[in-house]
Amino acid sequence: MDFNKVYEIDCINGMNEVLEENSIDIIVTSPPYNIGVKYNSHNDNMEFKDYLEWMNQFGKACKRVLKDNGSLFFNIGDKASDEFKAFDVAKQVNNNNLILQNTIHWIKSIAVPEEDINIGHYKPINSRRYLNNLHEYVFHFTKSGSVTLDRLAIGVPYADKSNIGRWKSVKNDLRDRGNIWYIPYETVKSEKEHPAAFPKRLPEMCIKLHGFNENTIVLDPFMGSGTTCVVAKELGCKYLGFEIDKEYANLSRSKLSQKEISNYISAQE
Ligand SMILES: C[S@@+](CC[C@H](N)C(=O)[O-])C[C@H]1O[C@@H](n2cnc3c(N)ncnc32)[C@H](O)[C@@H]1O
């Protein structure tokens, strides 16, 4: 099994045939959502029952390659007109495969009138019936349902500092962020390179929450433009990615060959 490599193959074949059992620490990924996105190679308009079966096979392959204390962070969104869809898909990943340990809400934009805050970007829908859909899910699956996490690695400072002295367990000015993660899309710098890339901060927070070191192996089976692998590399982990499309695989390779190291959020952003 070679690390730090982009494989231009189907991810289920890749996970079943290239990777060893119990070999991966962290999977962070976002599959095609089956909502008609125009990918180069993949048809994002499958029959829904075929899509669900595919996601079940995906869950099975993830279970095979994950270590017993590994984590799968599975990002998926839905449409305002079909709010059960993300859960239907998550159930297929779970079915006979992995246990849902946490459900994280990725918030792309939020308004907090009391604080005079209205931040983040989204693509507005033209509807009098549906609200704009400003969130996606990150389902955190594990084999046991009880994998220990490093919650304070992505913790936030206490608003009320008197909490620090009040509780014995509180040693630093950091509390659990909880399962609502506000992560805005990054400002697009040039022409859009991939139709469905997530922001770097999303895999960053997942990897930090699981906990990592230089021996940690991070996999993205649907790597697209390579966001997860770029973050894993920049954090000093080992990485692997599968991508079915040649152009996207080459895009990932080119990003992974760049030297640039981003400024990452510290725990006390
Ligand atoms: C939602 S995108 C992932 C985007 C990625 N998170 C990023 O930040 O760029 C899903 C990707 O899965 C790829 N894909 C579709 N079917 C695949 C398969 N069977 N095996 C591997 N990759 C596949 C698509 O080409 C697409 O690039």
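Preceding block: the structure.
These numbers were taken from a predicted model, which means no experiment stands behind them.

J.: I'd love a proper account of the site of the ligand, names of residues and values included.
T.: Taken together, 23 residues surround the ligand, and among them Asp-10, His-194, Ser-225, Thr-227 and Glu-243 come closest. One nitrogen or oxygen atom from the main chain of Cys-11 is found 2.9 Å from a nitrogen atom belonging to the ligand. The contact in question runs from an oxygen atom of the ligand to an N or O atom on the side chain of Ser-225, over 2.6 Å. In isolation the ligand offers 610 Å² of accessible surface; the protein chains occlude 98% of this area. When the residues that make up the shell around the ligand are grouped by side-chain class, the tally is 14 nonpolar, seven polar and two charged.

J.: Please give an account of the pattern of salt bridges that cites residues and values.
T.: All chains considered together, the criterion is met by 12 salt bridges. Lys-246 is paired through a salt bridge with Glu-8; the nearest N and O atoms lie 3.9 Å apart. You can see Lys-246 sitting in helix H7 (residues 246-257) and its partner Glu-8 sitting in the loop between strand E1 (5-7) and helix H1 (11-18), a full 238 residues away along the chain. Where Asp-68 meets Lys-143, a salt bridge forms, and the shortest distance between an N and an O atom there is 3.4 Å. Within this pair, whereas Asp-68 is found in strand E3 (residues 66-76), its partner Lys-143 is found in the loop between strand E7 (135-142) and helix H4 (163-166), the two being separated by 75 residues in sequence. Given the relative accessible area of 55%, Asp-68 is considered exposed. Taken together, the shared-partner salt bridges connect Glu-8, Lys-246 and Arg-253 into one network.

Basis of the calculations
Residues numbered from 1 in each chain as written. Predicted model: local features only at pLDDT ≥ 70, side-chain atom pairs only at ≥ 80, totals over all residues. Heavy atoms only, no water. Near = heavy atom within 4 Å. Polar contact = N/O pair within 3.5 Å; in protein donor to acceptor, adjacent residues only side chain to side chain. Areas by Shrake-Rupley, 256 points an atom, 1.4 Å probe, with all protein chains shown as cover. Nonpolar A, V, L, I, M, F, W, Y, C, P; charged D, E, K, R; others polar. Salt bridge = Lys/Arg side-chain N within 4 Å of Asp/Glu carboxyl O. Helix = DSSP H or I, 4+ residues; strand = E, 2+ residues; numbered from the N terminus. Buried < 20%, exposed > 50% of the residue type's maximum accessible area, 1.4 Å probe, protein only.

Purely geometric numbers; function is a separate question.
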